[in-house]
Amino acid sequence: ISDGLDMDFSNIHIENLFSINSKNDCADFSYGNYEINKAIFKNCGDKGISIGEDSNLKSNYLSINQSTIGISSKDSSEFFSESVNIFDTKTCLSAYNKKQEFNGGYMKIKKFKCENYIKDIKIDKVSKILIDRILR
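These lines cover the structure that appears in this document, whether it is placed above or below. Please read all numbers here as calculations on a predicted model, not as lab measurements.

Looking now at the pattern of salt bridges. With the rule as written, the count across this model stands at five salt bridges. Between lysine 99 and glutamate 53 there is a salt bridge, with the nearest N and O atoms lying 2.8 Å from each other. Taken together, the residues lysine 99 in the loop between strand S7 (78–96) and strand S8 (106–123) and glutamate 53 in the loop between strand S5 (47–52) and strand S6 (56–74) connect sequence positions 46 residues apart. In this structure lysine 99 comes out as partly exposed when scored by relative accessible area, which is 30%. Assessed through its relative accessible area of 9%, glutamate 53 is described here as buried. When the shortest N-O distance is used, the salt bridge between lysine 108 and aspartate 132 registers 2.6 Å. With lysine 108 in strand S8 and aspartate 132 in strand S9 (residues 128–135), the pair connects residues that are 24 residues apart, well separated along the chain.

Structure, rendered in C-alpha cells:
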C-alpha cells in the first residue's frame, strides 16, 4: 500500500530509478525478471529493495540510504549486482525463506559497501549471499 514501486509478474528493464520517502519498501519485486541499471533509494520505511516469490533482479549500481533492511532476497529469488552501497540501516543484506512453497534467497554482489549499520548480513540455512569484494 505504501511501496515506492511495486512490480509483480513482469519482465522489465529500468534505466534509472529513484525512490525517496517511501513509507514501506522503496522497491518491491515479485514473480518476474527485472533489470535496473542505476537505482538510488533514500529514507525507505522498511526495505530499500525487496525481491521475492521466484524473482530475478539484476543491477549495475544501487545506493540505499536510511532503511530498516537494505536488500532482501527471499523465497527462491535471485539478486545479482555489480555495485551496492548501503548507508544508515539496521541490516544491510538479508536472504531467507519465508513461504514454505519456496526455497531460500540468493545474492551475488561484485562490489559491496555498507556503513553505519547494526547487522551487516542476516541469512538462514537455505539461502546464500556471495560477495566478491567488500569496500571500506
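Having put the structure on the table, let's press on.
With that settled, consider the environment of phenylalanine 112. With respect to the element layout, phenylalanine 112 can be found in strand S8. Judged by relative accessible area, phenylalanine 112 falls into the buried class, the value being 3%. Taking the C-alpha atoms as reference, phenylalanine 112 lies 8.5 Å from glutamate 82; in sequence the two are 30 residues apart. Apart from residues lying up to four places away in sequence, phenylalanine 112 is in contact with Val84, Ile86, Cys92, Leu93, Ile131, Arg133, Ile134 and Leu135.

Cut-offs used in this document
Residues numbered from 1 in each chain as written. Predicted model: local features only at pLDDT ≥ 70, side-chain atom pairs only at ≥ 80, totals over all residues. Heavy atoms only, no water. Salt bridge = Lys/Arg side-chain N within 4 Å of Asp/Glu carboxyl O. Helix = DSSP H or I, 4+ residues; strand = E, 2+ residues; numbered from the N terminus. Buried < 20%, exposed > 50% of the residue type's maximum accessible area, 1.4 Å probe, protein only. Contact = heavy atoms within 4.5 Å.

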